[in-house]
Every structure is written in structure tokens, then in C-alpha cells.
Amino acid sequence: MKVKYNNKSLMQIFFMFILLELFLMGSGRFLEFGPLTLRMVFFVFAISLSVFIYSYRLKIKSYILWLLYIHLTLLSFSTSVGILNGAELSLIVEDVKPLLYFFMILPFAIFIKSNQSIKLVTNSIKFSSFIMMIIYLMLIAMIYFGLIDFKTVYHLISENSNDIMFRGSSSSEPQFFYKGFLYLNIGFIFFLLSPKKLDKYIALLLLISILLTFTRGFLLG
């Protein structure tokens, strides 16, 4: 039995949704379904699909296997250290959960196999950084011109999201940081290197957005 793989199939659409969720949704806690998040659902489905495809058609390249073995060894070692030192199992699980996402290297190795799929990744990063930039600049402008009350936004977000962090000693200081802003930097690079003139202007706006985050790591990067 052979599984046909087509870059123009539903798998490519699914891969696009995985990328957009990864780039736009910060830590992945925005869309939750009880104990599950959309990122968890995508993760389980993508890994299951990858195992199925590898079982019937593809071979896993040796360097991917080595990376998986090394990662699994490190996870096992650190988990054992936690258990031997009497750490609570729930805390160990919380530490391990985000590190499991490394296993997405399996579906990525399937999906990213052509210039077309590489372009899809690039466009997804550019689109995500552009959307975040627009929302961020609009929000900053509305706060600055008094169109929205920052204290109201501060209390609303503080109660409902862990992905947005505020700076300063009180809710009167309109400085905040979103975990997804990492992709502002990556998107800036793609827009800057693009030959299109419009993309250069977008890169400039992205640079302004990065400056307004007041994040030293981003500026150094």
C-alpha cells in the first residue's frame, strides 16, 4: 500500500494552518478546548499522520532519527532527575510538555520538501508578522490618542491571557509584550531581503514595531 503525497493536497492546507497557529498564537493558549489547545490538537494529528506516512511510504532520514534520539535521551534524563529529587509529577509534566513540540520535526520533514513548501513557510511568516504589526501599531496609536482606556485593556488581558506581559510598575504605563512578537524579527528579515519595493516599506514599519516593544534581545538580534 502506498500513500500518495501531493504538495497541492489537503496536507499542504493543513500544514499552512499549523504554521499560522504557530506564528500567530504565541504560546498556543489562546484557543483552548477544556484541557486541550488547538496547538495540541494539531500536534497529535500531525504526528499521527507522519507516523502513518512514514510507515507506508517514506523513510526517516538518519540525521532526523539522531536528533530525535538525542532529544528523547535528554528528556528522559531531565525527567529522571526531577523524579529522583522528589519533584511533583504535575510540575515535571508542565516542564516537559513544551519540549515535546520538538517531535514536530517529523511532519516538518514531510511537508517541507520543495521550493513551493519553503515559499509557503516564508509567506506564512511574512503574513503573520504583518498582521501582528498592524494590530500592535493600531493598539499603540489608539492608546496614545486616548481612543481606548489602557487600564481597561490591562485588567482585561491580565485576567484572560498569559501570552501578553506588561512592563512598568502599574497599569498606567502602556508598555506590553506579546510572546508572538518573536516573529516580527523573522518577518522583518524576509521583508527586508525581498526585491519588492513595497516589502521594504513594510520592513521599515516592522522595525518601528520592534523598537516599540522595548525588547533588548530583539534589538540585539
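Cut-offs used in this document
- Position numbers for residues count from 1 along each chain, tracking the sequence in the order it is written.
- The model is predicted, so local features are restricted to residues of pLDDT at least 70 and side-chain atom pairs to those at 80 or more, both for listing and for counting; the totals for chains, interfaces and linings are taken over all residues.
- Each side-chain value is derived from all of the structure's non-hydrogen atoms; neither hydrogens nor water enter the calculation.
- Per the convention used, a helix needs a DSSP run of H or I reaching at least four residues, while a strand needs a run of E reaching at least two, with both numbered from the N terminus.
- Here the expected length of a helix is defined as 1.5 Å per residue gap, with one fewer gap than residues.
- Categorising residues by exposure relies on relative accessible area from a 1.4 Å probe, with only protein chains included: less than 20% of the type maximum marks a residue as buried, more than 50% marks it as exposed, and the intermediate range marks it as partly exposed.
- This arc is taken over the directions from the axis of the helix to the C-beta atoms.
- Only heavy atoms matter for contacts: two residues are in contact if any of them lie within 4.5 Å across the pair.
- Pairs of N or O atoms are called polar contacts if they sit within 3.5 Å, as long as, within protein, a hydrogen donor faces a hydrogen acceptor (for residues adjacent in sequence, only side-chain-to-side-chain pairs).

Q: Would you mind going over helix H2 (residues 38-56) with me for this structure?
A: Residues spaced three or four apart along an α-helix point in a common direction, a consequence of the helix completing one turn every 3.6 residues. Along its 19 residues, H2 runs 27 Å from first to last C-alpha, staying within 8% of the 27 Å computed at 1.5 Å per residue. Those residues of H2 that fall on the buried side of the exposure criterion are Leu38, Arg39, Phe42, Phe43, Ala46, Ile47, Ser50, Ile53 and Tyr54. Viewed end-on, H2 has its buried residues packed into an arc of 150°, placing them on one side of the element. In H2, those exposed residues whose orientation departs by more than 90 degrees from the buried face are Val44 and Ser55. Among the structural elements, helix H1 (10-24), strand E1 (32-33), strand E2 (36-37) and helix H5 (105-111) are those in contact with the buried residues of H2.

Q: Whenever I open this one, the environment of Tyr178 confuses me. Can you help?
A: Within the secondary structure layout, Tyr178 lies in strand E4 (residues 176-178). It is 7.2 Å that separates the C-alpha atoms of Tyr178 and Gly26, two residues lying 152 residues apart in sequence. The contacts of Tyr178, once residues within four sequence positions are left out, are Leu24, Met25, Gly26, Phe30, Met132, Asp163 and Ile164. One polar contact links the side chain of Tyr178 to the main-chain carbonyl oxygen of Leu24, over a distance of 2.5 Å.

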